[in-house]
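If you want the building blocks of each chain, they are given just below.
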Amino acid sequence: MGGTAVARAVDFADVQGLVRYGHGRLTDACYLLLRIKEPRAARQVIAAIQVATAVEVATPPSTAMQIAFTAAGLRAFGVRDEIVAGFSDEFISGMAADASRSRRLGDAGPSDPSNWTWGTGDREPHVLLALFALPGALESLRESLKDADWSEAFEEIACLDTTDLHGFEQFGFTDGVSQPAVDWGRIRELHGDKPQYGNTIGLGEVLLGYPNEYGRYTERPLLDDNASTRDLEPAEDYEGKRDVGRNGTYLVMRDLRQDVRSFWQFLYHESERLGMSADELGAMLVGRRRNGDPLVPSAETSQNAFTYSGDPTGTQCPFAAHIRRTNPRNGDFPSVPGGVLATAAQMLGFRRAQFHDDLTSSTRFHRIIRRGREYGPALSPEDAQNPAPAGDPPRGLRFVCLNANIERQFEFLQNAWLINDKFNGLANESDPLLGNRELPSGNGQTDAFVIRRNGGTRTRMSSLPQFVSVTGGAYFFLPGLRALRFLMSAAAGAASG
Ligand code: N7H
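Rules and cut-offs
Residues numbered from 1 in each chain as written. Predicted model: local features only at pLDDT ≥ 70, side-chain atom pairs only at ≥ 80, totals over all residues. Heavy atoms only, no water. Pairing = 2+ DSSP bridges. Helix = DSSP H or I, 4+ residues; strand = E, 2+ residues; numbered from the N terminus. Buried < 20%, exposed > 50% of the residue type's maximum accessible area, 1.4 Å probe, protein only. Donors = N, O, S within 2.8 Å, 3.2 Å for Na, K, Ca; no water. Near = heavy atom within 4 Å. Polar contact = N/O pair within 3.5 Å; in protein donor to acceptor, adjacent residues only side chain to side chain. Disulfide = S-S within 2.5 Å. Phe/Tyr/Trp six-rings, centres within 6.5 Å; stacked < 30°, edge-to-face > 60°. Lys NZ or Arg CZ within 6 Å of the ring centre and 35° of its normal. Expected span 1.5 Å × (residues − 1). Contact = heavy atoms within 4.5 Å. Salt bridge = Lys/Arg side-chain N within 4 Å of Asp/Glu carboxyl O.

Novice: Looking at this structure, how should I read the sheet that holds strand S7 (residues 222-224)?
Specialist: Hydrogen bonds between backbone groups are what pair the strands of a sheet, and the pairing can be parallel or antiparallel. Strand order across the open sheet formed by 3 strands is S7-S9-S8, with antiparallel pairing between neighbours. The two strands at the open ends of the sheet, each matched to only one other strand, are S7 and strand S8 (233-234). Two elements, S7 and strand S9 (residues 241-243), share 3 bridges in a ladder whose sense is antiparallel. Residue pairing in the sheet places Leu222 in a bridge with Asp243 of S9.

In structure tokens, the structure reads:
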């Protein structure tokens, strides 16, 4: 560190709106995936785009646009290698370019990148332009972009449409209940070594250029302070450096196709065998009922004020349930038996396992902000009983999440919590919604789901079908507005680093 860090307040005018707001009112949305044909024309188009900021306004706008770039996209714009090299390794190598990363993400079998409709080879996007609008206003927003320079600037790989399912996702469950609260005011003390569970995360878990939950600054490109970099914000942690990352975040996008018919057909069939309703069994797979209520008691005023500490045996909410995997909540549970060393081992993920322990590590280091949207026509559980007609349209989730450290947040969650068949001391179970049904090596099944009941009885289901497959994906950098202008300027190609 080149000096003492001086904390500065967040300039919301420099943060893209999507980080602070999900644009929920703007129910119509689409994602344009673009490749650059001509960098000069592309820069001009982007300079004319009014990127929505995180500033709170009295009258919310009727449309919003956000922009993000892959590492290949930054290079295609001519951004110098030294600058691109300052971003994280995962971002630079991309989601699908490396077989070992694909294996870690579980992108195998039907989800293998070779089957994706976008995200690899010449279908790897350079630019993501996310458009949001009030009902009926999306088409004119799209058209407004397409002036003479547009077709010179870009090749459009895909326009990913979305569907407003009024707060539900395609399997029929309430969506968007739990999000971490971001410490925008920077009032929280950040200590990597103190176990604590809470829903608030440090700003540096989302935005680059601020301290994260370890109290450290995440790596990002820092440039010498000179005339060409003067418009960038100064780095807080290095005197004399300007910060390309400040107020930016990584945006992870995964196109997830959901087989709603096989999901409900499985639930109806199995629930009858087990003497419960399909809704009850579905709630066990998710960890919440369809109305969003969690399976463990929560405060009356909130569907999100709970931990799993009152359910150490997984009899209320199965250990493998989707929301218990994706946010185990007890990871920081302060009273790990065995004192300080055992607590530290627990936090680091070394402590082997009683059933009720979170085998993993501290939850607060692995939170993400979810900003996805559904696509395809809705299908009710009743209609899902019918076989698919010819030409049944695809449906699913355009999963989007924001985080400052892709490896420690999204990738950890996907690998250690979602697809890991030993999560929480389980065996042969992966995430019941999203997990693959066999190990990436092909040597073993991960298609089980176990329900534990009071008194120690267990009901084991096997042969869970694969309900979700990946059809595309990429890692993007969603810059702050100053950094956006800088990256699009000639200076990013010529400035000294
Ligand atoms: Fe998940 N689903 O419909 O069942 N998810 N998710 N997810 N998910 C959540 O809180 C779903 C996916 C998380 O804090 C709910 O919004 C489906 C990926 C996290 O308690 C429901 C797909 C990843 C949470 C679903 C899908 C995550 C969460 C409960 C794919 C990360 C918050 C409602 C098609 C890599 C957990 C809510 C918490 C909640 C569903 C994907 C993560 C209903 C269908 C890929 C962190």
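Novice: Quick question: what am I supposed to make of the pairing of strand S14 (residues 449-452) here?
Specialist: Burial along S14 is two-sided: Phe449 and Ile451 facing one way and Val450 and Arg452 facing the other are all buried. Here 4 bridges tie S14 to strand S15 (residues 458-461), and the two strands are oriented antiparallel to one another. Along S15, the bridge assignment pairs Arg452 with Arg458. From the end of S14 to the start of S15, which pair antiparallel, there are 5 residues, and Gly455 there has a positive phi angle of about 95°.

Novice: It is not clear to me how the coordination of the iron atom of the ligand should be interpreted in this structure. Could you clarify?
Specialist: No other protein atom reaches the iron atom of the ligand as a donor apart from His322 (NE2), found 2.1 Å away. For His322, the position within the fold is in helix H11 (residues 322-326).

Novice: I tried to follow the site of the ligand on my own but got confused; where do I start?
Specialist: Neighbouring the ligand are 28 residues; Glu169, Gly176, Ser178, His322 and Arg329 lie closest to it. A distance of 2.9 Å separates an oxygen atom of the ligand from a polar atom in the backbone of Val177. Residue Ser178 places a side-chain N or O atom 2.5 Å away from an oxygen atom belonging to the ligand. Within the residue set of the shell around the ligand, elements represented by two or more residues are strand S10 (249-258), H11, strand S13 (396-403) and helix H13 (407-418).

Novice: So what exactly am I meant to see when it comes to the state of the cysteines here?
Specialist: Note on terminology: disulfide describes a covalent bond linking the sulfur atoms of two cysteines. Throughout the structure, instances matching the rule amount to 0 disulfides. Distance from the sulfur of Cys159, which forms no disulfide, to the nearest cysteine sulfur (Cys30) is 4.0 Å. Taking relative accessible area as the criterion, Cys159 reaches 28% and is therefore assigned partly exposed.

Novice: How should I be thinking about the pairing of S13 in this particular structure?
Specialist: Side chains on a regular strand alternate between the two faces of the sheet. The buried fraction of S13 amounts to 8 of the 8 residues, a majority that puts the element mostly inside the structure. Here S10 pairs with S13 via 8 bridges, running antiparallel. In the sheet register, Leu256 faces S13, and the bridge partner there is Leu397. With 2 bridges joining them, strand S11 (residues 369-370) and S13 adopt antiparallel strand pairing. By the bridge assignment, Arg370 is partnered in S13 with Cys401.

Novice: Sorry, what's going on with the packing of aromatic side chains here?
Specialist: Each aromatic ring pair is summarised here by two numbers: the centre-to-centre distance and the angle between the ring planes. Across all of its chains, the model carries 21 aromatic pairs by this definition. With centroids separated by 6.0 Å and ring planes inclined at 45°, the aromatic side chains of Trp264 and Tyr268 adopt a geometry described as tilted. Of this pair, Trp264 and Tyr268 are both found in helix H9 (residues 260-274), 4 residues apart, which corresponds to roughly one turn of the helix. A relative accessible area of 0% means that Trp264 is categorised as buried. By way of ring pairs, the aromatic residues Phe171, Phe173, Phe263, Trp264, Phe266, Tyr268 and Phe467 are connected into one cluster. Positioned above the aromatic ring of Phe306, the side-chain terminus of Arg329 is 3.8 Å from the ring centre. Sitting over the face of the ring of Tyr375, Arg398 holds its NZ or CZ atom 3.8 Å from the ring centroid.

Novice: What is the right way to read H13 from this model?
Specialist: Residues three or four positions apart in an α-helix share a direction because the helix packs 3.6 residues into each turn. With 12 residues, H13 should cover 16 Å at 1.5 Å per step; its first-to-last C-alpha distance of 14 Å lies more than 12% under that length. The element H13 is largely enclosed, with a buried count of 9 among its 12 residues. Along H13, the residues classified as buried are Arg408, Gln409, Phe410, Glu411, Leu413, Gln414, Ala416, Trp417 and Leu418. Looking at the buried residues of H13, the elements they touch are helix H5 (89-93), helix H6 (99-105), S10, H11, S13 and strand S16 (468-478).

Novice: Even after reading the chapter, I still don't get the pattern of salt bridges, so can you show me in this structure?
Specialist: Once the charged atoms of two side chains with opposite charge are near each other, the side chains can pair. Considering all chains together, one arrives at 32 salt bridges under this definition. In this structure, the salt-bridge partner of Asp224 is Lys241, at a minimum N-O distance of 2.7 Å. Here Lys241 lies in strand S9 and Asp224 lies in strand S7, a separation of 17 residues in the sequence. On the basis of relative accessibility, which here comes to 31%, the residue Asp224 falls in the partly exposed class. According to the relative accessible area criterion, Lys241 is partly exposed, its value standing at 25%.

Remember that the coordinates give geometry; whether it matters functionally is a separate question.
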